[in-house]
Amino acid sequence: MNTVPTIELNDGHTIPQLGFGVFQVAPAETADAVRRALEIGYRHIDTAEMYGNEKGVGEGIRASGVDRADVYVTSKLDNGLHRPDDARRAFERTLAMLGFDYVDLFLIHWPLPMLYDGDYVSTWQTLEQFRRDGRARSIGVSNFQVEHLERLAAETDVVPAVNQIESHPYFRNDEVRAYGAAHGIATQAWSPIAQGEVLGDPAITAIAERLGRSPAQVVLRWHIQRGNIVFPKSVTPARIRENFELFDFELEPDDVEALDALDRGEAGRGGPNPDTFAYVP
Ligand SMILES: NC(=O)c1ccc[n+]([C@@H]2O[C@H](COP(=O)([O-])OP(=O)(O)OC[C@H]3O[C@@H](n4cnc5c(N)ncnc54)[C@H](OP(=O)(O)O)[C@@H]3O)[C@@H](O)[C@H]2O)c1
């Protein structure tokens, strides 16, 4: 059986727990990769304005023959466009690029506390409007630290449906996850296999060999059992298939513990630190 479970978000919408990420997929290759993923059975695609490939995502979905309504599509606001007027125009461009009249989920990609006078609050309130007018079924954030989430809770009316954060065995990022769990914010784990960095770890390869699974499947299964939403990226057909085959085996508690023990805390972070990240493309 290979049925992808769904997770209910705090606004009542549901999201498939496993999807397909397209960060660093070249625009010209995106439609093919997305179509292939949909053929295999994925029904959730994670893109962003910053990735430059929203057009290919829309084309791939249309080429697949799968109904738009049956695919969960996420995009994210780019870093240079946080001011409300810019954000409104950017969101319209996202819909035009995708060729859809709504997205399932729209996120603030990074909090950028060092830019815009530290004001991610008015940006969030702009996303609230997209949700109210139905063009974003759900809204959320990405790379928000506990402090940023606390500020949204204090100053705004809508709790983000998700927080999309870096998380993998070398950097569990559990403090942010725990805040989400306590406040009804689902955790999406980006770079779930640490862009391949964790796959040669002896603790992971030993479990994979014993179970007759690949290291990537073991790590992705660990995320699923933790309740994370994941969308591994691959442009390699065999890997796209392999990453989808996660629902016909389970990790026993000892194996989960062995993976948990790989956490290196802040030293295991592979991407930028959201407290200081201030990149504008
Ligand atoms: N919100 C954010 O700030 C943020 C940041 C980063 C990522 N994301 C999202 O999260 C998604 C996933 O993260 P990611 O792309 O950074 O990294 P990832 O999914 O952890 O890893 C992707 C890398 O691993 C390789 N790979 C994939 N499956 C494999 C397998 N079964 N065996 C061996 N290698 C495999 C891929 O190679 P090939 O493609 O060559 O096969 C690629 O180099 C992104 O696509 C994006 O949607 C969000």
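Quick caveat, the model's predicted, so the values are computed rather than measured.

Conventions we followed
Numbering of residues starts from 1 in each chain and follows the order in which that chain's sequence is written. Side-chain atom pairs in this predicted model are given and counted only at pLDDT of 80 or more, local residue features only at pLDDT of at least 70, and totals for whole chains, interfaces and linings cover all residues. The side-chain figures draw on all heavy atoms in the structure; neither hydrogens nor water molecules are used. Classification of residues uses two cut-offs on accessible area relative to the type maximum, computed with a 1.4 Å probe and protein chains only: under 20% is buried, over 50% is exposed, and between them is partly exposed. Helix and strand assignments come from DSSP, with helices taken as H or I runs of at least 4 residues and strands as E runs of at least 2, each series counted from the N terminus. The rule for pairing is simple: two strands pair if DSSP sees at least two bridges between them. When the strands point away from the viewer and the path from the first strand over the helix to the second turns clockwise, the crossover is right-handed. What the arc covers is the set of directions going from the helix axis to the C-beta atoms. Whether two residues are in contact is decided by their heavy atoms: any pair within 4.5 Å suffices. Note on definitions. A residue lies near a molecule or strand when any single heavy atom of the residue is within 4 Å of it. Side-chain atoms alone can form a polar contact between residues adjacent in sequence; in general such a contact is a pair of N or O atoms within 3.5 Å, and within protein one must be able to donate a hydrogen while the other accepts it. Note on areas: Shrake-Rupley with a 1.4 Å probe; residue coverage comes only from the protein chains shown. Under the scheme applied, nonpolar residues are Ala, Val, Leu, Ile, Met, Phe, Trp, Tyr, Cys and Pro; charged residues are Asp, Glu, Lys and Arg; polar residues are all the others, including Gly. Think of each axis as a best-fit line through the C-alpha atoms, taken over the contacting stretch in the case of a helix, with angles from 0 to 180 degrees between the N-to-C directions. Our angle categories are set so that under 35 degrees counts as roughly parallel, over 145 as roughly antiparallel, 65 to 115 as roughly perpendicular, and the remainder as oblique.

J.: I'd like a rundown of the pairing of strand 6 (residues 103-108), residues and numbers included.
T.: The element strand 6 is extensively covered by neighbouring structure, given that six of its six residues are classed as buried. Sheet topology places strand 5 (residues 72-77) next to strand 6; four bridges connect them, and they run parallel. Paired with Lys 76 across the two strands is Leu 107, which belongs to strand 6. You can see the chain leave strand 5, run along helix 3 (residues 84-98) and come back into strand 6, and the turn it takes is right-handed. Summarising the sheet, strand 6 and strand 7 (residues 136-142) pair through five bridges and their orientation is parallel. Counterpart to Val 103 in the pairing with strand 7 is Ala 136.

J.: Report on helix 6 (residues 174-183), specifying residues and quantitative values.
T.: Those residues of helix 6 not exposed but buried are Val 176, Arg 177, Tyr 179 and Gly 180. Angularly, the buried residues of helix 6 cover 160 degrees about the axis, an arc narrow enough to put them on a single face. Relative to its buried face, helix 6 has exposed residues pointing more than 90 degrees away, namely Glu 175, Ala 181 and Ala 182. In the core, the buried residues of helix 6 are packed alongside helix 5 (146-155), strand 8 (162-166), strand 9 (186-190) and helix 8 (215-226). A positive phi of about 75 degrees marks Gly 184, the residue just after helix 6.

J.: So what's going on with the site of the ligand? Which residues, and what values?
T.: Around the ligand sit 28 residues in total, of which Asp 46, Gln 195, Lys 233, Ser 234 and Thr 236 are the nearest. Within the backbone of Ala 194, a nitrogen or oxygen atom sits 3.5 Å from an oxygen atom of the ligand. Within the side chain of Glu 242, a nitrogen or oxygen atom sits 3.0 Å from a nitrogen atom of the ligand. Coverage of the ligand by the protein chains reaches 88% of its 900 Å² of free accessible surface. Partitioning the shell around the ligand into residue classes produces 13 nonpolar, 10 polar and five charged.

J.: Break down the packing of helix 8 against helix 10 (residues 253-260) for me, citing the residues and quoting the values.
T.: Where helix 8 meets helix 10, the axes come as close as 11 Å, and the angle between the chain directions of the two elements is 100 degrees. On the basis of their axis angle, the class for helix 8 and helix 10 is roughly perpendicular. Residues Val 218, Val 219, Trp 222, Gln 225 and Arg 226 of helix 8 touch helix 10, and the partners they reach there are Val 256, Leu 259 and Asp 260. In terms of residue class, the contact of helix 8 with helix 10 is made up of five nonpolar, one polar and two charged.

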